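Analysis of the macromolecular model
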Amino acid sequence: MNELLAVKNLSKAWFGVPANSNLSFSIAQGTVTGIIGQNGAGKSTLMGMLGGTVLPSGGEMFWRGQPYQPRDAADAIKAGIGFIHQELNLFTNLSVAENLYIDGFPRRMGLIDWKAITQRTREILARLDLDFDPMIQVGRLSPGERQLVEIARALHNEASLLIFDEPTTSLTPRETERLFATIDGLKAEGRTIIYISHILSDVQRLADRVIVLRDGKLVEQGPADQFTIPLMIRSMIGRDMGGLFPARSNKPQPDPILVAQNLTQPGVVEDVSLTIHKGEIVGLFGLMGSGRTELARILFGLDPFQSGRISIEGKSPEQGPRARIEAGMAFVTEERRAEGLMMDASIAENLTLVQLDGFGAGRLGILDRWSMVERTEQSRTELSIKAANIQEQPAKALSGGNQQKVVIGKWQIGNPRLFILDEPTRGVDVGAKFEIYSLVDKIAAEGGGVLMISSELDELLGMADRIVVMNRGEVTGEIAREQFDRERILAMAFREVIA
Amino acid sequence: MTAIRTKRSLAARAADVFLSDYFIFYLCIAFIIVLAPFLPVLIAPANAVNIMSNMWPLLIVAIGQTFVLAIGGIDLSQGAVMAVTAVIGAMLITLAVDPVTFMRTPLWGLILTEQGGPLAGVTGGVLLALVMMLLAAVLIGLFNGASVALFDLPPFMVTLVTMMTLSAFALWLTQSGNIANLPDDFTRLGRGDLVSVYFGAKEESQLARRQVYSFVTFPMVIALIMAFLAHIILNRTVFGARVLAIGMNRKAAVISGIPVRRIVIAVFVLSAVCAMIGGLLYSARLEAGRPTLGGGTFLLDVIAASVIGGTSLFGGKAKIIWTFFGVLFYVLMSSALSAMNLSAFQIDMVKGGIILGAALLDVFRTWLKRERLQ
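Analysis parameters
- Residues numbered from 1 in each chain as written.
- Chains lettered and ligands numbered in written order.
- Predicted model: local features only at pLDDT ≥ 70, side-chain atom pairs only at ≥ 80, totals over all residues.
- Helix = DSSP H or I, 4+ residues; strand = E, 2+ residues; numbered from the N terminus.
- Rg over C-alpha atoms; globule rule 2.2 N^0.38 Å.
- Buried ≥ 20, exposed ≤ 12 C-beta atoms within 10 Å, placed from the backbone.
- Contact = placed C-beta atoms within 7 Å.
- Pairing = 2+ DSSP bridges.
- Core = buried A, V, L, I, M, F, W, Y, C linked by C-beta atoms within 7 Å.
- Domains from an automatic or database assignment.
- Expected span 1.5 Å × (residues − 1).
- Arc of directions from axis to C-beta.

**Structural notes on the overall build of chain A**
Secondary structure assignment for chain A yields 18 helices and 23 strands. For chain A, whose C-alpha radius of gyration is 25 Å, the value lies close to the compact-globule estimate of 23 Å for 499 residues. Based on the C-alpha atoms only, the size of chain A along its principal axes is roughly 70 × 50 × 50 Å. The buried share among the 499 residues of chain A stands at 44%. Restricting to contacts in chain A with at least 6 residues of sequence separation, those with at least 24 account for 67%.

**Let's talk about the pairing of strand β10 (residues 192-196) of chain A**
Side-chain positions along a regular strand alternate between the two faces of the sheet. All names here are of chain A. Most of β10 is tucked away: five of the five residues are buried. Here β10 shows a buried face lined by Thr 192, Ile 194 and Ile 196 and a second buried face lined by Ile 193 and Tyr 195. Two elements, strand β3 (residues 32-36) and β10, share four bridges in a ladder whose sense is parallel. When the sheet's bridge partners are listed, Val 32 is paired in β10 with Ile 193. Pairing analysis gives five bridges linking strand β9 (residues 161-165) to β10, with the strands arranged parallel. Across the sheet, the residue bridging to Asp 165 is Ile 196, located in β10.

**Here we look at the interface of chain B and chain A**
With 19 residues of chain B at the contact, the number on the chain A side is 25 residues. For the side of chain B that touches chain A, the secondary structure elements donating two or more residues are α11 (238-248) and α12 (250-255) of chain B. Sorting elements by how many residues they give to the side of chain B that touches chain A places α11 of chain B first, with six residues.

**Considering the nonpolar core**
Counting 248 residues, the largest nonpolar core has Ile 420, Val 440 and Met 452 of chain A together with Leu 59 of chain B as its most contacted members. Of all the elements, helix α13 (residues 260-286) of chain B adds the most residues to this core, at 19 residues. Composition of this core by domain shows at least three residues from each of domain 1 (3-237) and domain 2 (256-328 + 416-494) of chain A. Those residues within four positions of Leu 59 of chain B in sequence are excluded, and the remaining contacts are Ala 223, Ala 227, Phe 324 and Val 327 of chain B.

**Regarding the environment of Lys 12 of chain A**
Residues and elements named next belong to chain A. Take Lys 12: it is sitting in strand β1 (residues 3-14). For Lys 12 and Gly 42, which are 30 residues apart along the polypeptide, the C-alpha to C-alpha distance reads 9.2 Å. Setting aside residues up to four positions removed in sequence, Lys 12 forms contacts with Ala 19, Asn 20, Thr 45, Met 49, Val 54, Pro 56 and Ser 57.

**What to know about helix α10 (residues 218-236) of chain B**
All names here are of chain B. Between its first and last C-alpha, α10 extends 26 Å over 19 residues, near the 27 Å set by a 1.5 Å rise per residue. Along α10, the positions that sit buried rather than exposed are Pro 219, Met 220, Ile 222, Ala 223, Met 226, Ala 227, Ala 230, Ile 233 and Leu 234. What you see down the axis of α10 is that its buried residues fit within an arc of 165 degrees, all on one side. With respect to the buried face of α10, the exposed residues turned more than 90 degrees away are Ile 225 and Phe 228.

Read these as layout, nothing more, since geometry by itself doesn't imply function.
This is the structure in structure tokens:
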């Protein structure tokens, strides 16, 4: 078989921590290689090195047998490597054709040759069985169609190796099927594919070979038919996982922490009542636009409500998040980057943010640096945050799972009694998910209440003592753990039947 | 640690210098060493005293600006605050004004007469005037801060409006006239020879006034105390940590329970008060309340000096020590350019180039820092 890409002893260290060490593998032309690994296993770094955006600190790469040393993304594109990113890199305000030609418009007599562009774009789209107008704005396409436009762009650049990084996260099942059919087609044309995903069944469905990364090392590789899903998980996390969720270690107590009665804010939530007891994990399930996040923001005092009552441990807190925090609430938001962390600040600075007052001494509030270092190092140990130096290293240098631990950690310093967790495991890999679930269980076991919002029903079924379902701003049902029933919950969420 | 350091390469040590908080200070020293042989006047005592007397008020104003930049804002109204507060202070305490100029002003008869302002010659009058100036600055700062914090108006807009309105107000009040004849108690603030240095032959017993150089002055003492306090506040207190957090990620700060509105308002008040104190020192030195104080390119000098020091215009990254050296560098540069006998226009053109150079340098330092962390 023809070898397209080979990698020998490739290494890279970030902040003194090795991200990739001594990777060696080769990829044959016309095959699909699945690369799996937890967040922080070194997949992104490896892709960066292939794509020319990350400079290797050791080792060699070979492209069609020749040494390959890309210095920037343009080098990689020229060699014939195309990336289809997790976060789509398209200009939504431009047309499909403009997106394809963004790095060099063909010109005729000094003017952009639109005729040639639309014609060529139409040809490429036809090859992908896409029948939309080349001049349509990308912003008007669905996520699945945008993904295909990215592929079209790679084809336009004559890519012979296409690298898919988590392509299906925002796709519907139908769009995913279509993407897979396209990938099969590309493979039949003799193109080579690298497919990176957390969704192991997709990897199994597509890949000819599987490469498993763990802690920056290549731990296993081989033909895909040798890998079952449990085997993949085991080799990704390096041990058997006794299930995806830790066992719930306590029963909820009878006394309520949070009581919300008849909360109404027109157009947002309608007559919502909710109670969270000590030691209880309440799951809040709903589809996009069901008002889950909006309810959380109201509970946390970020948004107003017109009528209804909120009481925390018997007392009605004043408006605003500060009063809620004082009353013992914590809010881990859905948007980790935008609302959770100061990405450029150090991990320690992020950890101390909520409880800064507690570290200030005297009238002036002079910060006690020593106790800040002590307390943040304690958090690092408790949460097992993987970082070389939490006092210096910025939060943006962490993997998604570790960033989420920092967000949880910054609240824990204040010992809150009620956590609102909005999509706590979004963008977090299997192993780190388990760690976060364990943290959530521990919060409840210590008598805290948890409102866990998620669009992954499985994680609520695994963790919650009770699930509340919302649809269009209203609570459409509530089920206790003993009666958990996936069909019924989904029905409530879609409101086909009101239970 | 030291053993490791000595073994490090030249490049690594050069990077240390580049990344040091003192980098701009090193640059100042290099600047002097390089230019002194060609421009001996640069290090002449008279010039050194001049450089410093220019530096202190600018430093105080830049300290206020640094806090606003730290939350990711900008305060364009500082110059106008200087003018308004200077006029207010001067009109209260002036001992006499020229009726020809001030007859036409709206102040005539109400506040100003031939006998000067209402507090002229009153015991404690100067102190009372200072309190009034402070009050005016606080009110302006409150207006700026509240507009930004409560109505979510962009700081650029709000302070631009304040700037336009206030500087016009100051000019209207005085009809462009300078209010002179300020009492000694006031003008002393601009001088105050606490320590003078005498350069000259020792046997000369009769001192020519010009040869005594005021070294330690009130402005110096005031500026250094303020810089020290500001440094503690910004880098060592809960308040400062919150200021920087707001600059880094305002949404995260709100959710983390930081009293964002209160802090934003406080920062704008602080900025206005710093401007007022800077203006006060200028007025005392000029022995007049000038409605055009802080006009022209002054505000750009303030912002440029802060940014040259390394404070980010995007917020979240600021240190008073950076501003201190930024101001020093800026004043030094202006003085060197004047010493070269360049015209004001030429000076501004060269300044522009140097500010651009400083901005590029900052980009380079950021890059270096990232490389180093990797």
